[in-house]
Amino acid sequence: MANFAKPENALKRAEELINVGQKQDALQALHNLITSKRYRAWQKPLERIMFKYVELCVDMRKGRFAKDGLIQYRIVCQQVNVSSLEEVIKHFMHLSTQKAEQARSQAEALEEALDVDDLEADKRPEDLMLSYVSGEKGKDRSDRELVTPWFKFLWETYRTVLEILRNNSKLEALYAMTAHRAFQFCKQYKRTTEFRRLCEIIRNHLANLNKYKDQRDRPDLSAPESLQLYLDTRFEQLKIATELGLWQEAFRSVEDIHGLMSIVKKTPKASLMVVYYAKLTEIFWISGSHLYNAYAWFKLFSLQKSFNKNLSQKDLQLIASSVVLAALSVSPYNQTRGASHLELENEKERNLRMANLIGFNLESKLETREVLSRSAVLTELVSKGVLGCATQEVKDLYHLLENNFLPLDVASKVQPLLMKISKLGGKLASASSVPEVQLSQYVPALERLVTLRLLKQVSQVYQTMKIESLSQMIPFFEFSMVEKISVDAVKHKFIAMKVDHMKGAVLFGNMGLESDKLQDHLTILAESLNKARAMIYPSVKKSSKLGEVLPGLEEIVDKEHKRLLARKSIIEKRKEEQERQLLEMEREEESKRQNLLKKTEEAEKKRLAAMFEQQRAERIRKEIEERELEEAQALLQETEKHSKRGKKKPLLDGEKLTKQTLIERALSEQLKERQEQEKRLQKVAKTMDHLERAKREEAAPLIEAGFQRRLVEEKLLHEREQQLEVELSRQRHDGDLKEKIRLARMLENKMIFQEKVTSRRQAEFDQRRVEREERIKQIIQARKQERDMKRKKIFYVRSEEERIKKLREEEEARKREEAERRRKEEAEHRAKMDEIAEKQRQRERELEEKERLRREALLGRSAEGISRPSELPAGSRTTEPGVVAPAAAAPAAGKYVPRFRRERPESSGPAPPEPDRWVKAAPSEPEQRNAGSRAPPPQSDSWSSGSRAMRALPPDSNRFGGGSGGSSSSKPEPWRPSRARNPQRG
């Protein structure tokens, strides 16, 4: 979090971040500044920062950030400059509305784009699946993605502003304006769900206002301005609810208005009451409450007649006719007859509630059906003269239905009146609160009333009537509809009649004589006669039945016995199953009890741990409070030391001294000083105003006189300058005429010179054009030859490169083949040499073993003659010829021969040359040819084995062959690898 020395620095930093595209960082920087405790005193730069802050919030649709920032700014400027908060909020709503309108203008189909039931709800799963599965990317989906988010944000904006401005006496007008704009938003875009939520929000705000009466800056509803704002808001809510068709919400709005009137104990203006009763008539008519609708129309008629001085006679007749027809439309019988006591009590409470809404103060002891009734409202209309103000058709209809007794002709006389009444109605020019009255809406209820009156009067005259005759008497409905109406009337004890479809007749009866017992008297009579007959003629066939049953009694007993045995086994099985279930239930109960015990122990451990944490937190809190108390005392002492004023607010006994208390006290002192300073400034400003006004009053005549003098001087100056300008214009005109005459003589020479210049330039242009075309042809020919030469060079170079590349690839392939062949030959040669070396080592091991055995034998014989070595003859020191000869004859060429095998007696000839064991025998011709191209094989193994054999020989032995008589020339040449020359490289 960056700390800024001045708020202007934060604003500059935010603008820099916005310029580089980092709006989120800019918003976070401004948010940190606004929510910081360092800037809690209002100053002018904070207002500019808030403007920029709300602009960023709107651009990024960050409603949560906007709400936090506005709440903090309200805290800052609540007591200092409330108008600044009002300007910021207006700017915020203006930006949100502008963005929403821009998004709406971009969408072509607004109805499809806003087809969302709830702006606060997320996308439904089926919508998400459709967006992923469907390949359709239509305009409706793009409109939904473009328009709906901005309307969601606009709705959040209205909610945020209402939440911030609620129950604040300094912001009542802005609160009412925001509510009206939110209502218009719901009306314009048909947002019924949001309208219900908006009504609930406003209702909760008023409830909290009445609940928390000790709140600071609480609006005073007894003030006329505040009451008028609240009433205007509720009446606007009522209008929008009726326009949207939300009748339940409209009725709740009516209750809100009545509750507000009850709180302040004041009656609103007559114009508002007219709207109130006009909306009540619509609500009661839609709900089917014709009695309450009639009373509402009666109150509306009274208000219009009393307070509307511009009401015309035609409009008065229409309203009076509506009142009379609404009263006639009420059902003539009581709907609550035969209801339970609880239903009657509920109906009584409902009537009291409706009567309070309409404006009648009823005593709770009176029966509501005696007060709010059809007869009472008709009597009231006649006594107050409402019937006299109605049209003649309505009067005639009233007399036919309420006063005359015409059982056969009432329907035929009423029908033309109803046709005339259905054509009456229209807009009211002099009653703006009641825009339109249509008497045709009462015709269905009046036709039903006429049907009931006819049935009632006919039932008093006739006992039986044919269905055809009754249908002809009632032209409004078919007989099936008449039958439904009569069933409801019979149910509520209005008439007594029965319909016999088999005979095609309607039977009328007397309600006083008929009862429940008389209705089913034939059934009771039949049952009594049946009992009497059974007593007079008892049954006599019991013995014969017993005799018929006895022969099959044994079979029946056996079947019954088997059935009982089967039943017993079933019962045993059920008992066992029940016992097993009981055991299982006991086990389950035991396991549940164990689990419950474990849970109880765990809960107890958690409770103890929570208690320990709570005690620890309480201890820490007390320590913090003690530390804050010490800091507060130190701050109080320091404040008393540095205080320059002698006035100090004394501390009350028992007052809790905290740092927050001292800070609030200091802030209140600063606020008081600021208010006193403002009062002094206002006084000085008033004095300066009076002084300036006096100066201007004295200076006004002088200024007027100077102005008149200036007018005269400027008029003379204007006339003089105008004359001078006329003279100069005349002189210039004369000079121009002379110059024209002088230059007219040279016109012919000018034309000749112009023709010469033009022809010369044309000839030069043609010559240069020909030269340029020739030069262009030469350049084109040269470039063409250059391109041909370049193409040939490129072709030659590419051909040569391809040939060289092909030769290089063939050489590399040949080299790879030769190297592969050499590797194979070297591997074969190495394997052959390893085999030869292994055989040589094997022979050496055999010879060493034999030598070891011979030495052991010699050492055994030499031990006997070691005391007389001089007695032996000279020839005995050498090995016997018979012994040596086989050994000497044994070696063959290319094999190792020990020294004692190579020694011969003096008489024998020179020993044949022994080949050196380190020298390989001369290879044959094919081997030489093969070895010519081989590399020398590794000789590490043969050299090591040979060195071991040399260490085993005597010191004076010749490592390279026989004795002194041997000829070195007879030794074979040692084998050396020949470096065969590569014929391809030669």
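Residues numbered from 1 in each chain as written. Predicted model: local features only at pLDDT ≥ 70, side-chain atom pairs only at ≥ 80, totals over all residues. Heavy atoms only, no water.

- The name given to the protein in an unreviewed UniProt entry is Eukaryotic translation initiation factor 3 subunit A, with the source organism recorded as Hibiscus sabdariffa.
- The UniProt entry for the protein carries this comment under Subunit (unreviewed entry): "Component of the eukaryotic translation initiation factor 3 (eIF-3) complex."
- Listed under Subcellular location (unreviewed entry) in UniProt, the entry text for the protein is "Cytoplasm". (UniProt positions renumbered as here; feature names shortened; annotations may be inferred.)

1. What to know about the overall build of the protein
Inference 1: Tallying secondary structure elements over the protein gives 34 helices and five strands in all.
Inference 2: Taking all contacts inside the protein whose residues are at least 6 apart in sequence as the whole, residues at least 24 apart take part in 73%. (Helix = DSSP H or I, 4+ residues; strand = E, 2+ residues; numbered from the N terminus. Contact = heavy atoms within 4.5 Å.)

2. Notes on the nonpolar core
Inference 1: Ile-89, Phe-195, Tyr-276, Trp-297, Leu-325, Leu-328 and Leu-397 are the most contacted members of the largest nonpolar core, which has 158 residues in total.
Inference 2: For Trp-297, the contacting residues outside a window of four places in its chain are Thr-281, Ile-319, Ser-322, Val-323, Ala-326, Val-434, Val-437 and Tyr-442. (Core = buried A, V, L, I, M, F, W, Y, C linked by side-chain atoms within 4.5 Å. Buried < 20%, exposed > 50% of the residue type's maximum accessible area, 1.4 Å probe, protein only.)

3. A closer look at the side chain of Ser-84
Inference 1: By the secondary structure assignment, Ser-84 is in helix α5 (residues 82-106).
Inference 2: Contact partners of Ser-84, with chain neighbours within four places excluded, come to Trp-42, Glu-47 and Tyr-73.

4. Notes on unusual backbone geometry
Inference 1: Positive phi, close to 55°, is recorded for Arg-61, a residue that is not glycine.
Inference 2: With respect to the helices and strands, Arg-61 occurs in the loop between α3 (44-60) and α4 (63-77).
Inference 3: Classification of Arg-61 as partly exposed rests on a relative accessible area of 38%.
Inference 4: For Lys-190, which is not glycine, the phi torsion reads 55° and is therefore positive.
Inference 5: Checked against the element boundaries, Lys-190 lands in the loop between α9 (172-188) and α10 (192-211).

5. Concerning the packing of aromatic side chains
Inference 1: Under the defined criterion, the tally for this structure stands at twelve aromatic pairs.
Inference 2: Between the aromatic rings of Phe-183 and Phe-195, the centroid separation amounts to 5.8 Å while the plane-to-plane angle is 55°, which identifies the pairing as tilted. You can see Phe-183 sitting in helix α9 and its partner Phe-195 sitting in helix α10, a full twelve residues away along the chain. When sorted by exposure, Phe-183 lands in the same class as Phe-195, which is buried.
Inference 3: Centre to centre, the rings of Trp-285 and Tyr-442 are 5.1 Å apart; their planes meet at 70°, and the pair counts as edge-to-face. Of this pair, Trp-285 sits in helix α13 (residues 270-287) while Tyr-442 is found in the loop between β2 (436-438) and α22 (443-461), placing the two residues 157 residues apart along the sequence.
Inference 4: You can call Tyr-442 buried: its relative accessible area is 0%.
Inference 5: Of note, Arg-61 hangs over the ring of Trp-150, and the distance from its end group to the ring centre comes to 4.9 Å.
Inference 6: If you follow Lys-456 out to its NZ or CZ, it ends over the ring of Phe-494, 5.2 Å from the centre. (Phe/Tyr/Trp six-rings, centres within 6.5 Å; stacked < 30°, edge-to-face > 60°. Lys NZ or Arg CZ within 6 Å of the ring centre and 35° of its normal.)

6. Focus: helix α24 (residues 479-491)
Inference 1: With 13 residues, α24 extends 18 Å from end C-alpha to end C-alpha; this agrees with the ideal 18 Å at 1.5 Å per step.
Inference 2: The elements touched by buried residues of α24 are α22, α23 (467-473), β4 (497-500) and β5 (505-508).
Inference 3: Within two residues after α24, Lys-493 carries a phi angle of roughly 65°, on the positive side. (Expected span 1.5 Å × (residues − 1).)

7. Details of the packing of α9 against α10
Inference 1: Close contact between α9 and α10 brings their axes to 9 Å; oriented N to C, the two are set at 160°. Considered as vectors, α9 and α10 are oriented roughly antiparallel to each other. Relative to α10, α9 is oriented so that their crossing is left-handed. Contacts from Tyr-175, Ala-179, Ala-182, Phe-183 and Cys-186 of α9 reach α10 at Glu-194, Phe-195, Leu-198, Ile-202 and His-205.
Inference 2: Across the contact of α9 with α10, the residue classes break down as eight nonpolar, one polar and one charged. (Axes fitted to C-alpha atoms, helices over the stretch in contact; angles between N-to-C directions. Parallel < 35°, antiparallel > 145°, perpendicular 65-115°, else oblique. Left-handed = near helix turned anticlockwise from the far one by under 90°. Nonpolar A, V, L, I, M, F, W, Y, C, P; charged D, E, K, R; others polar.)

8. Here we look at the confidence of the model for the protein
Inference 1: When pLDDT is averaged along the protein, the result is 76, and 74% of the positions lie at 70 or above.
Inference 2: Mean pLDDT across the elements of the protein bottoms out in helix α31 (residues 881-889) (39) and peaks in helix α30 (residues 747-862) (92).
Inference 3: Every residue in residues 360-370 is under pLDDT 50, and counting partners more than four places away or in other chains gives 15 contacts. (pLDDT = per-residue confidence, 0-100.)

9. A closer look at the sheet that holds β4
What links the strands of a sheet is backbone hydrogen bonding, and the strands pair in either a parallel or an antiparallel sense.
Inference 1: An order of β3-β5-β4 is seen for the three strands of this open sheet, with the pairing classed as antiparallel. Strands at the two margins of the open sheet, each flanked by one partner only, are β3 (464-466) and β4. Pairwise comparison of adjacent strand axes, ignoring direction, gives a mean angle of 20° for this sheet. (Pairing = 2+ DSSP bridges.)

10. Some points on the packing of α4 against α5
Inference 1: Across the interface, α4 lies against α5 with an axial gap of 9 Å and an inter-helix angle of 160°. Here α4 lies roughly antiparallel to α5, going by the angle between them. Once α4 is placed against α5, the crossing between them reads as left-handed. Residues Ala-66, Leu-70, Tyr-73, Arg-74 and Cys-77 of α4 lie in contact with α5, whose contacting residues are Val-82, Ser-84, Leu-85, Val-88, Ile-89 and Phe-92.
Inference 2: Here the contact of α4 with α5 is composed, by residue class, of nine nonpolar, one polar and one charged.

11. Quick word on the pairing of β4
Inference 1: Where β4 and β5 come together, four bridges link them in antiparallel fashion. Residue Met-497 lies in a different strand from β5, and its bridge partner there is Phe-508.
Inference 2: Count of turn residues in the β4/β5 antiparallel hairpin: four residues, of which Gly-504 carries a positive phi of about 70°.

12. Structural notes on a nonpolar patch on the surface
Inference 1: Together, Phe-405, Leu-408, Val-461 and Tyr-462 line one region of the surface with nonpolar side chains, adding up to about 350 Å² of accessible area.
Inference 2: One can find Phe-405 in the loop between α20 (392-402) and α21 (410-423).
Inference 3: Given the relative accessible area of 45%, Phe-405 is considered partly exposed. (Patch = residues over 30% accessible without salt bridge, like charges linked within 9 Å, V, L, I, M, F, W, Y side chains within 5 Å. Areas by Shrake-Rupley, 256 points an atom, 1.4 Å probe, with all protein chains shown as cover. Salt bridge = Lys/Arg side-chain N within 4 Å of Asp/Glu carboxyl O.)

13. Things to note about the pattern of salt bridges
Inference 1: According to the stated counting rule, one finds 43 salt bridges in the structure shown.
Inference 2: Residue Arg-607 pairs with Glu-604 through a salt bridge whose shortest N-O separation is 2.4 Å. Of the two residues, Arg-607 and Glu-604 are both situated in helix α28 (residues 553-642); the distance of three residues between them amounts to about one turn of the helix.
Inference 3: Its relative accessible area of 34% is what places Glu-604 among the partly exposed residues.
Inference 4: Among the charged side chains, a salt-bridge network with shared partners connects Glu-200, Arg-203, Glu-249, Arg-252 and Asp-256.

14. Here we look at α10
Inference 1: Spanning 20 residues, α10 covers 29 Å between terminal C-alpha atoms, matching the ideal 28 Å at 1.5 Å per step.
Inference 2: For α10, the complete set of buried residues consists of Glu-194, Phe-195, Leu-198, Cys-199, Ile-201, Ile-202, Arg-203, His-205, Leu-206 and Leu-209.

15. Section: the pairing of β5
Residues in a regular strand project their side chains so that they alternate between the two faces of the sheet.
Inference 1: Of the strand pairs in this sheet, β3 and β5 are connected by three bridges, and their pairing is antiparallel. Counted as the bridge partner of Thr-464 is Leu-507 from β5.

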